[in-house]
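# Survey of secondary and tertiary structure
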Amino acid sequence: MTADQTVEALRAAGEPTRLRVLSLLAGEELSVMELSGILDQSQPRVSRHLKLMTDAGLIERFPDGARVFYRLSSDPRARRLIDTVLDLLDATANGDDHRRLEDVRRTREVAASAYFERVAPQWDRIRSLYVCETAVEAAIQRAAGDGPFERVVDLGTGSGRMLTLLGRAARMSVGLDLSHNMLNIARANVSRAGLEKVELRHGDIFATRLPEHSADLVLVHQVLHYLADPAAAVAEAARLVMPGGRLLIVDFAPHQLEHLRAEHQHRRLGFSDPEMQRWLSGAGLRPAPPITLPPDTDGLTVSIWTAERPDVTKAKVA
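My aim in this report is to walk through the structure given alongside it, one point at a time. Fair warning: this is a prediction, and the values are worked out from it, not measured in the lab. (Residues numbered from 1 in each chain as written. Predicted model: local features only at pLDDT ≥ 70, side-chain atom pairs only at ≥ 80, totals over all residues. Heavy atoms only, no water.)

## Here we look at the overall build of the protein
Convention followed: Helix and strand labels come from DSSP, where a helix needs a run of H or I of at least four residues and a strand needs a run of E of at least two; each type is numbered from the N terminus. For this analysis, residues touch if any pair of their heavy atoms sits within 4.5 Å. Using a 1.4 Å probe, the Shrake-Rupley method yields the accessible areas, and only the shown protein chains count as cover for residues.
From N to C terminus, the protein includes 14 helices and 11 strands. Long-range contacts, defined here as pairs at least 24 residues apart, represent 68% of the contacts in the protein between residues at least 6 apart. Working note: accessible area of the protein is about 15,300 Å², and carbon and sulfur atoms make up 52% of it.

## Some thoughts on the packing of helix 3 (residues 32–39) against helix 4 (residues 43–55)
Helices that pack against each other are described as a pair by the angle of their axes relative to one another and the distance between those axes. What counts, and what does not: Working convention: axes come from line fits to C-alpha atoms, limited for helices to the stretch in contact. Angles between N-to-C directions cover 0 to 180 degrees. Geometric relationships in this document are graded by angle, where less than 35 degrees denotes roughly parallel, more than 145 denotes roughly antiparallel, 65 to 115 denotes roughly perpendicular, and other angles denote oblique. Each residue is assigned to one class: nonpolar for Ala, Val, Leu, Ile, Met, Phe, Trp, Tyr, Cys and Pro, charged for Asp, Glu, Lys and Arg, and polar for all the others, Gly among them.
Helix 4 packs onto helix 3 with a crossing angle of 110° between their chain directions and a minimal axis gap of 9 Å. In terms of orientation, helix 3 lies roughly perpendicular with respect to helix 4. In this structure, helix 3 contributes V32, M33, L35, S36 and L39 to the contact, and helix 4 contributes Q43, V46, S47 and L50. Its residues assigned to classes, the contact of helix 3 with helix 4 shows 6 nonpolar, 3 polar and no charged.

## Considerations on helix 8 (residues 133–144)
Note the following rule: Every helix has an expected span of 1.5 Å times one less than the residues it contains. Whether a residue is buried, partly exposed or exposed follows from its accessible area with a 1.4 Å probe, protein chains only, as a fraction of its type maximum: under 20%, in between, or over 50%, in that order. Note: the arc covers the axis-to-C-beta directions of the helix.
Helix length check: helix 8, at 12 residues, gives a terminal C-alpha distance of 16 Å against a target of 16 Å (1.5 Å per residue), a fit within 8%. Within helix 8, burial applies to E133, V136, E137, A139, I140, A143 and A144. End-on, the buried residues of helix 8 take up no more than an arc of 160°, which puts them together on one face. Every exposed residue of helix 8 that faces more than 90 degrees away from the buried side is listed here: T134 and R142. Downstream of helix 8 by one or two residues, G145 has phi in the positive range, about 95°.

## A look at the packing of helix 2 (residues 16–25) against helix 5 (residues 76–87)
For the pair helix 2 and helix 5, the least separation of the axes is 11 Å and the interaxial angle reads 110°. Judged on the interaxial angle alone, helix 5 and helix 2 are roughly perpendicular. Where helix 2 abuts helix 5, its residues L19, L22 and S23 lie against I82, V85 and L86. Grouping the amino acids of the contact of helix 2 with helix 5 by side-chain chemistry returns 5 nonpolar, 1 polar and no charged.

What follows is the structure in structure tokens.
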């Protein structure tokens, strides 16, 4: 940052409401509507604050369908300035804001949990509404490779389809999900497939409690679009990848089907290749070119992103 840019950024941050916004966005990306409710201020007023901070390079604006979300800048220099400013705040400052943010999170979680429990028996059918699942799964198998894998971890395993698809090439597999109903279905599907060395556990994709660098294949299949902080989930998934191992993410390319928010609890309407590759690189992985699978008819395009953790030991030997 130049001196002028630093002064402009400090001016943009130097206002009570804008400090509150920065503190909230330090937790996760939020929409204008959500920020307006948490701050108890009108959307036009909040939007003016957001524009000023966006112009100053403190935050980033990104449209997602008909909504607009904001997050802290990805520029390391801007983040350092923001962290310094927020560190100077009293630990109890903006406590009411963060309690209201927790209320927003709980409302989302209750709605999402109720949705997944309700649709669990029909999950595979719903998942394949928009694309040819056979073609997607064939592409996933090619992207994952033939194995054998020491340990496969499937985050947000749902019905366990990724485990039954790839589990035979793994010596050990682990599937995590927050829905007990989904896990019960996954257990039945895994048993029906004759897979024995599979552990299914109740777990949080943001805090898996699994050992670092413990899996040579980590899967995140059609999960990120439900999450408020997909970048954090990618970082946690990447943390599990061992040197020489691979992370494979399957999700939708950007689209405009707004009804998926209300009908199917989608938080994000797809992800762009640059966004995903930035997250993967930031997590210490080496992204490969993405794979794009357009639908046979009108519908959603599926993207497959893969990335590897460089094996420094092998590189030195070579």
